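Per-entry structural report
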Amino acid sequence: MPDQVVIEVANSVSPQQIAALERRHRLTRIESQTFQLTDTTRYLWRIPDRRSVATVVRALEADRLIASAQPNYLFTLQLDETKAATEGDAAQYELAKLRLPQAHGLAKGDGVLVAVIDSGVDANHPELTGAVAATYDTLSSPMTPHKHGTAIAGLIAAHGKLMGAAPAAHILAIRAFDGSGASAEGTTFNILKSLDWAAANGARVINMSFAGPADPAIHRSLEAAHKKGIVLIAAAGNAGPKSPPLYPAADPNVIAVTAIDADNKLFAQANRGRHIAVAAPGAQILVAIPDNSYEVSSGTSYSAAEVSGIVALMLERKDNLTPDKVRAIMLTTAKDLGPKGRDSMFGAGLADAYGALIAEGAPLTASAPRPVERVSTGAR
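These numbers come from a predicted model, not from an experiment.

So, about the overall build of the protein chain. Counting its secondary structure elements, the protein chain contains 10 helices and 17 strands. Against the globule reference of 21 Å for 380 residues, the protein chain gives a C-alpha radius of gyration of 20 Å, in line with a compact fold. In the protein chain, which comprises 380 residues, the proportion classed as buried is 59%. Looking at the protein chain alone, contacts between residues at least 24 apart form 77% of all its contacts between residues at least 6 apart. When the accessible surface of the protein chain is split by element, carbon and sulfur atoms take 50% of a total near 14,800 Å². For the protein chain, the distance from the average position of its 36 positive side-chain charges to the average position of its 37 negative side-chain charges is 6 Å.

Structure below.
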């Protein structure tokens, strides 16, 4: 956001000191919140004059009361293309590829809470009857269910004409992205609030089908969530083979998921990188959208949702799995695609829901990408 900064301070900093900070740095408070994950307080401030974000962040970083300062970055949902489709489930090729019918004979994600940080969910869609356990809205605009969030929730927990990866899982539906414009966007501050709320409300899995720049504040919250035992799943991104790694997928605490098509070919728009963990179907996927409707759409967003559902199956079957153990099992049971072994396109290969459920165990040898470094400025 061109005129906003996010700062983090210890909870011991007094209101009088915060007020003095605002005056000293000539800023206007938008909102603030205490975050349980990091045990700190963060403030969102507006720059009321023409100073650049970079200039203000540098000045804030030099202030001894401030633990961190950064831009309020923008992230975008990873939806690529859509076209009209008739209702039905004949197009759900992902079920067989992921071996979900066999997996559902062992687990359906019963009672596992999966947080969906997205653009809002149509809880009244027949595919999601009884699936949405709670909702949280970080935005001030009126809540209107958006097709991206509804599609993601459906790929995880649908149980009508469609079949989700974990049809008995429960969704924590979080709106952090405003879908009213041409592309749904969310900010650092709203994503931070979403992560904190999901953790406080018992999420075992958090699905993040969005992408943006390396964000130090989000990294710290993801690290804290990982330490609490929450499995973090993110879309690799749809920016193509020449794009640098996008976040949160490239964060070392997150399982990054890329997309393939019905022929096991990599989705052309998918990001590449050593951080890619596994692949799942994401091209031409039949999804639920608001108003009892359906469409065919593509993107790494959908692959991430399918893997989030698989993790819910794993946690129902063995609820003491740690995030690192989940990652290791998924990597060792994946079906190798592309070059032999783990690679920058497919990761370890196609996720295998049934294989992950029957795996006796896997060594914790799966390497994660290096952690993000502190940055002061950046772009979407």
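Here we take up the packing of aromatic side chains. For any two aromatic rings, the description comes down to two numbers: the centre-to-centre distance and the angle of the planes. Enumeration over the complete set of coordinates arrives at 5 aromatic pairs. Ring centres 5.1 Å apart and planes at 10° place the aromatic pair Tyr136 and Trp197 in the stacked group. Of this pair, Tyr136 sits in strand β8 (residues 132–137) while Trp197 sits in helix α6 (residues 188–200); the two residues are 61 residues apart in sequence, bridging distant segments of the chain. Given the relative accessible area of 16%, Trp197 is considered buried. One aromatic cluster is present, formed by Phe75, Phe177 and Phe210 through successive ring pairs. Above the ring of Phe35, the side-chain terminus of Arg42 is found at 5.1 Å from the ring centroid.

Glancing now at helix α2 (residues 53–61). Taken as a whole, α2 has its buried residues at Val53, Val56, Val57 and Leu60. The arc enclosing the buried residues of α2, seen along the axis, measures out at 100°, which places them on a common side. Close packing links the buried residues of α2 with β1 (4–10), α1 (15–25), β3 (40–46) and β4 (68–71).

So, on to the nonpolar core. Taken as a class, soluble globular proteins show a tendency for nonpolar side chains to be buried jointly. Counting 66 residues, the largest nonpolar core has Ile233, Val307, Val311, Met314 and Met330 as its most contacted members. The element best represented in this core is helix α8 (residues 300–317), accounting for 10 residues. Contacts of Val307, omitting those with residues within four sequence positions, involve Ile233, Val257, Val278, Ala280, Met330 and Ala351. Formed by 37 residues, the second largest nonpolar core is a distinct cluster that contains Val6, Phe177, Ala199 and Ala234.

Right, let's talk about the pairing of strand β11 (residues 205–208) for a bit. Alternating positions in β11 separate into two faces, Val205 and Asn207 on one and Ile206 and Met208 on the other, with burial throughout. Both strand β7 (residues 113–118) and β11 contribute to a ladder of 3 bridges, which runs parallel. Residue pairing in the sheet places Val114 in a bridge with Val205 of β11. Pairing of β11 with strand β13 (residues 231–235) involves 4 bridges; the strand directions are parallel. Across the sheet, residue Asn207 finds its bridge partner in β13, namely Ile233.

What follows deals with the sheet that holds strand β2 (residues 28–35). Strand order in the open sheet formed by 4 strands is β2-β3-β1-β4, with antiparallel pairing between adjacent strands. Among the strands making up the open sheet, the edge pair consists of β2 and β4. The average undirected angle you get between the axes of adjacent strands in this sheet is 20°. By the bridge criterion, 7 bridges tie β1 to β3 in an arrangement that is antiparallel. Counterpart to Glu8 in the pairing with β3 is Arg42. Strand contacts of α1: β1, β2 and β3, with the helix running at about 30° to β3, the strand carrying the most contacts.

Below, the discussion takes up the sheet that holds strand β5 (residues 74–77). Read from one edge to the other, the open sheet built from 3 strands follows the order β10-β5-β12, with strand pairing classed as antiparallel. Each edge of the open sheet is held by one strand with a lone partner, namely β10 (185–187) and β12 (210–211).

Moving on to the packing of α8 against helix α9 (residues 323–333). Viewed as axis vectors pointing N to C, α8 and α9 meet at an angle of 110°, and their least axial separation amounts to 11 Å. Classified by the angle their axes make, α8 and α9 are roughly perpendicular. When the axes of α8 and α9 are compared, the crossing they make is right-handed. Contacts from Val307, Ile310, Val311 and Met314 in α8 reach Val326, Ile329 and Met330 in α9. For the contact of α8 with α9, the class distribution of residues is 7 nonpolar, no polar and no charged.

Attention now goes to the confidence of the model for the protein chain. Mean pLDDT over the protein chain stands at 90; residues scoring 70 or higher make up 91%. In this model residues 82–88 is a low-confidence stretch, pLDDT under 50, and it forms 17 contacts with partners more than four residues away in sequence or in other chains.

Definitions and limits used
Residues numbered from 1 in each chain as written. Predicted model: local features only at pLDDT ≥ 70, side-chain atom pairs only at ≥ 80, totals over all residues. Heavy atoms only, no water. Helix = DSSP H or I, 4+ residues; strand = E, 2+ residues; numbered from the N terminus. Rg over C-alpha atoms; globule rule 2.2 N^0.38 Å. Buried < 20%, exposed > 50% of the residue type's maximum accessible area, 1.4 Å probe, protein only. Contact = heavy atoms within 4.5 Å. Areas by Shrake-Rupley, 256 points an atom, 1.4 Å probe, with all protein chains shown as cover. Lys, Arg positive; Asp, Glu negative; His and termini not counted. Charge placed at Lys NZ, Arg CZ, Asp CG, Glu CD. Phe/Tyr/Trp six-rings, centres within 6.5 Å; stacked < 30°, edge-to-face > 60°. Lys NZ or Arg CZ within 6 Å of the ring centre and 35° of its normal. Arc of directions from axis to C-beta. Core = buried A, V, L, I, M, F, W, Y, C linked by side-chain atoms within 4.5 Å. Pairing = 2+ DSSP bridges. Axes fitted to C-alpha atoms, helices over the stretch in contact; angles between N-to-C directions. Parallel < 35°, antiparallel > 145°, perpendicular 65-115°, else oblique. Left-handed = near helix turned anticlockwise from the far one by under 90°. Nonpolar A, V, L, I, M, F, W, Y, C, P; charged D, E, K, R; others polar. pLDDT = per-residue confidence, 0-100.

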